[in-house]
Amino acid sequence: MSSQLFARLGGRAASGDRARSKASWQSWLLRSAGAGVVAWGLLETVVTGVQEPATAAAFGALVVAGELVRITYPAGRVQTPLAWAGGLAYALRCSLTGESGSHRIGQAVAVVALGMAIGALPHAVAGRELGVDSMARRVLGVAAAAAIYCQLLVAHDAEGAWQGDIRLEALVMLIVVAVVVAIDWALRAALAFGRTSGSLWRHFITEVGVAPGIDASVIATAVTLAIATSITGLWAIPLFSIPLLLTQSSYRHFNAARATYAQTINALSKATELAGFTVVGHARRVADLAVELGAVLGVGPHHLTDLEYAALLHDLGQMTLTQPLPGGATVGLPPDERRQLAAAGAALIEEARIPGRVAQIVGRQAEPFGRGPNGSAVPLGSRIIAVTNAYDDLTRGQSGVERSRQALERIDRAAGADFDPRVVAALRRQVAQAEGGVSASSSRVATGG
Amino acid sequence: MALARPLHAYVLGLGLIAVLAVGWAVASNDSWGNTLALGLLTLVAGSLHSRSRTSVNASLAGAVSVAAFIIVGPPGAVIAASFNFLIWRRGRPVMKRLYSGAQPVLDTFAAGWVYLAAGGRFGGESVTTRVVVAALLAYATLLTVNALLLSVVVKLDAGAHPFEVIRGMLAPTFLPMMGYGALGILLAVLWLGGLGPAASILMLLPLFVARWAFAQYEAEQDAHKAAIEALAKIVETKDLYTRGHSERVSHGVLKMGQVLDYATDRLQALGYAGLLHDVGKVGVPISVIRKSGALTDEEFAEIRRHPTRGVELVGDISFLGEAQRGILHHHERFDGSGYPSGLADQEIPEFARIIGVADAFDSMTTSRSYRAARSIDEAEAELRRCRGTHFDPRMVDAFLEGLQRFGWQPQVAEQFAGVPAADTMTIDHDDLPGIGSVPDSAAADPAMVAVAGGSDGGRPKQGSSA
């Protein structure tokens, strides 16, 4: 449910809401499962003793290192590819040492858990996001990999049908790790599903698309580490991690550049505010709402960024005006003028060489739905921005359920002619959801809950 | 590039020797299966050219070459390298294709001899320390021969000195390339350890991904640079005088930064500070910017808010860091009578002291509707006069030295084609009293006198018309 709409409609968070909104029940379920597995693993290892302590220490150190050099994505998401690959590799090693049996899994889990805990300490001290959900997922993933590979496959292959040939072993390992990574995607999707709207399938696709390159590299590196350590011993661990480190480093640069770019686009969007043409916060509100509607209406993750930037910059054309519009609102202007402003904005965006379809989306935001000039359909992004812009202009960013209802009525009247009915319907649903949350919260506050 | 005859002869000669080398290799080769696999790998590595600016492309090919020495030995490595002939890139002239095929063959051929001389073995089950050392030496040879051959091309084509070319090519990339060579050794370990060609998928996949991500990073950087420039230009939609001003100030501060021996990162930040120093003028109402006649106290105050406004606008762009302080304080004066904070001397951030000089110089050397541009010499003299009072002496010296070394591109006359007619006098804030010296010619102008007489907070008018 949109926190922006929630706040806009006058919803106030009761004291308990804050904490609850942080972690959904799915998240708690996951964490409990993870904690349970870790406890069992530690117990197991303590009872049956540590096998091959040198190897355990080496892989443990790898996991620690992986936690230390984690990647942070613009949306606050955190990944630790090296720790993930290291943990999976350790889980896969059971057949190569001839060991099989439940303690293997337990030890794998214990070593990985300890490594993650130690590696996360500096981050905790520095006050950074710990990513407990991610740790829980990884512990479960390592347990699953060890269980599938060692218990199921190796143990049932006493004749050595595929174990003798290292290439076949590698293939089997590859498949197992790929399956575990896919399960991880599903878990991530399930967690996101608990937090925001959208179908489970769409969330799954989003999770796959976050960093498929890194995920593929993790799979490859896990198998590589598992096999290489059997060929050259423990020296393989630092050496064969290098390609993944290079990949991580490149991604880190890439993410940093993306974050900086987003900041610059934000600054560009603030220029009209500073110049007195638009209301402060209007662009940000329109962008947040547009991205929400976009996600619900099936806009893919990459195009969502285009949509966000387009929404932030949709009023850029007003820089060419000599007099600011009242309230910076374009919703009351005659269509020709609105189209002119949109075109001016698109021209500025093209001059700024902003990649993607941002200029196109901005340029066509004022076109009436259903009647493109040369018959071509108005892009979905433009249609979304038209609706969200109108909604914000009409509610003037002020809160209140009544105000919102009036705005929606006005928009409804123009649906089909100016606005896409599908987008308007989606907006109505989002507002209704937020309203439901508002009335629930106000009753909670009233009863002092 | 139009190839001259000596260059033609050179490339053809190389091609001939390459063919001979391949012939020898075919005769001496044993393990054809692995050789062909490595050749295919070379082909793939070379065909996936990314749009990256840096030579990340060559790095993968390097890894494959080193692996080839260890797996199939010099003959096989040469044959694998010959697969470069098969790489197809649209629109390439024949000579270039010949060269790009011949060069790797010859590199590998030379390196192969070094490999054997250093005691390198191949095809065995294990990779010994001796093999590792031999492989690294061979790879270093390969890189050097590569640079040598290329330097001859550059000499024949552009006349550059070979030694300079070698240094320029080898020095920055040698260590990273050697790193990739080391990865080739790891590939060989996996290959010989039993995985065979499948090892290449496992080892090289992360490298391909890394290369892709790096190309994305560079694309993002380019886009970002364009966005910052757009931010600077946005001011120009309202205030036509600023057209070109921000760019010239940016060039000016960059020259000063070079004189002051700034590191590349800091230089880049300085350039951005110069480009964005006036971006806060977006917040000044058009009525004030385009006002003809005297400005009221309120309007003065409005204009003087632009440094603070500027930082408001770009404050969230974290990488700008020091540049933000430069933007905020670029109108401070060395003697403490500037704005917004009245900082003096070394309290003023370094970037701000630098921008102040370049900013004043450019405003003096550009024309307005109410006064002509001053000559570069006049402006220089003015800077010298205000050394220590208005400007930091060290920065003035740096600017003057930069002027000598690099010259100055003044505003082009045609740029003013779009300026409104003379009846609307656009008074530039850099000309306001207490900020810069009031130009001589303006002393006779009644409007300018009115402005000069306008409120200045009661501070003594520095640098008023002599």
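You'll find the structure just up there.
Described below are features of the structure shown in this document. (Residues numbered from 1 in each chain as written. Chains lettered and ligands numbered in written order. Predicted model: local features only at pLDDT ≥ 70, side-chain atom pairs only at ≥ 80, totals over all residues. Heavy atoms only, no water.)

Some points on the overall build of chain B
Keep this limit in mind: Each helix corresponds to a stretch of at least 4 residues labelled H or I by DSSP, and each strand to a stretch of at least 2 residues labelled E; elements are numbered beginning at the N terminus. Residue exposure (1.4 Å probe, protein chains only): buried if accessible area is under 20% of the type maximum, exposed if over 50%, otherwise partly exposed. Note on contacts: a residue pair qualifies if any of its non-hydrogen atoms lie within 4.5 Å across the two residues. The protein chains shown are the only cover counted for residues, whose accessible areas, like all others here, come from Shrake-Rupley with a 1.4 Å probe.
When its secondary structure is counted, chain B shows 17 helices and 0 strands. A burial count over chain B gives 53% of its 466 residues as buried. Counted over contacts in chain B with a minimum sequence separation of 6, partners at least 24 positions apart contribute 71%. For chain B, the accessible surface area stands at approximately 19,700 Å², while carbon and sulfur atoms represent 60% of it.

Points about unusual backbone geometry
With an omega of 5 degrees, the peptide bond running from Tyr339(B) to Pro340(B) counts as cis. In this structure, Pro340(B) sits in the loop between helix 13 (322-328) and helix 14 (350-364). The backbone of Arg353(A) sits at a positive phi, close to 50 degrees, despite the residue not being glycine. Position of Arg353(A) relative to the elements: it lies in the loop between helix 15 (335-351) and helix 16 (358-363). For Arg353(A), a relative accessible area of 56% translates into the label exposed.

What about the interface of chain A and chain B?
Accessible area lost when the parts come together is the quantity often used to give the size of an interface. Let me state the cut-off plainly: Note: buried area is the sum, over both parts, of the accessible area (probe 1.4 Å) each one loses when the two are combined. Salt bridges, as used here, are contacts in which a Lys or Arg side-chain nitrogen is within 4 Å of a carboxyl oxygen on Asp or Glu. For the purposes of these results, a polar contact is taken to be a pair of N or O atoms within 3.5 Å, where, inside protein, one atom must be able to donate a hydrogen and its partner to accept one; residues adjacent in sequence count only when each atom of the pair is a side-chain atom.
Each partner contributes residues to the interface: chain A has 49 residues there, and chain B has 43 residues. Buried surface at the junction of chain A and chain B, both sides included, amounts to about 4,000 Å², of which 77% is carbon and sulfur. Area buried by chain A at its contact with chain B is led by Phe240(A), Phe254(A) and Leu274(A), which between them contribute 15% of it. One can count 1 salt bridge joining chain A with chain B. The partner of Asp316(B) in a salt bridge is Lys270(A), with the nearest N and O atoms 3.3 Å apart. Linking chain A with chain B are 7 residue pairs in polar contact (both at pLDDT 80 or more). Put simply, the parts of the chain that give the side of chain A that touches chain B at least two residues each are helix 8 (166-195), helix 10 (212-232), helix 11 (236-240), helix 12 (242-274) and helix 15 of chain A. No other element matches the 20 residues that helix 12 of chain A contributes to the side of chain A that touches chain B.

Regarding the pattern of salt bridges
Residues and elements named next belong to chain A. Applying the stated criterion to the full structure yields 26 salt bridges over all chains. Measuring nitrogen to oxygen at the nearest pair gives 3.2 Å for the salt bridge that ties aspartate 288 to arginine 284. Here aspartate 288 pairs with arginine 284, and both are found in helix 13 (residues 282-296), just 4 residues apart, close to one helical turn.

Looking at a nonpolar patch on the surface
Applied cut-off: Patch members must show over 30% relative accessible area and no salt bridge, and they are joined within 9 Å when carrying like charges or within 5 Å when they are nonpolar side chains of Val, Leu, Ile, Met, Phe, Trp or Tyr.
A cluster of nonpolar side chains, Leu168(A), Leu171(A), Leu174(A), Ile175(A), Val179(A) and Ile183(A), forms an exposed patch at the surface whose accessible area comes to about 470 Å². As for its placement among the helices and strands, Leu174(A) is situated in helix 8.

A closer look at helix 1 (residues 5-28) of chain B
Put simply, the test is: Helix span is expected to be 1.5 Å times the residue number reduced by one.
Between its first and last C-alpha atoms helix 1 of chain B spans 35 Å; for 24 residues at 1.5 Å apiece the expected length is 34 Å, and the two agree. Buried within helix 1 of chain B are the following residues: Leu7(B), Tyr10(B), Val11(B), Leu14(B), Gly15(B), Ala18(B), Ala21(B), Val22(B) and Ala25(B).

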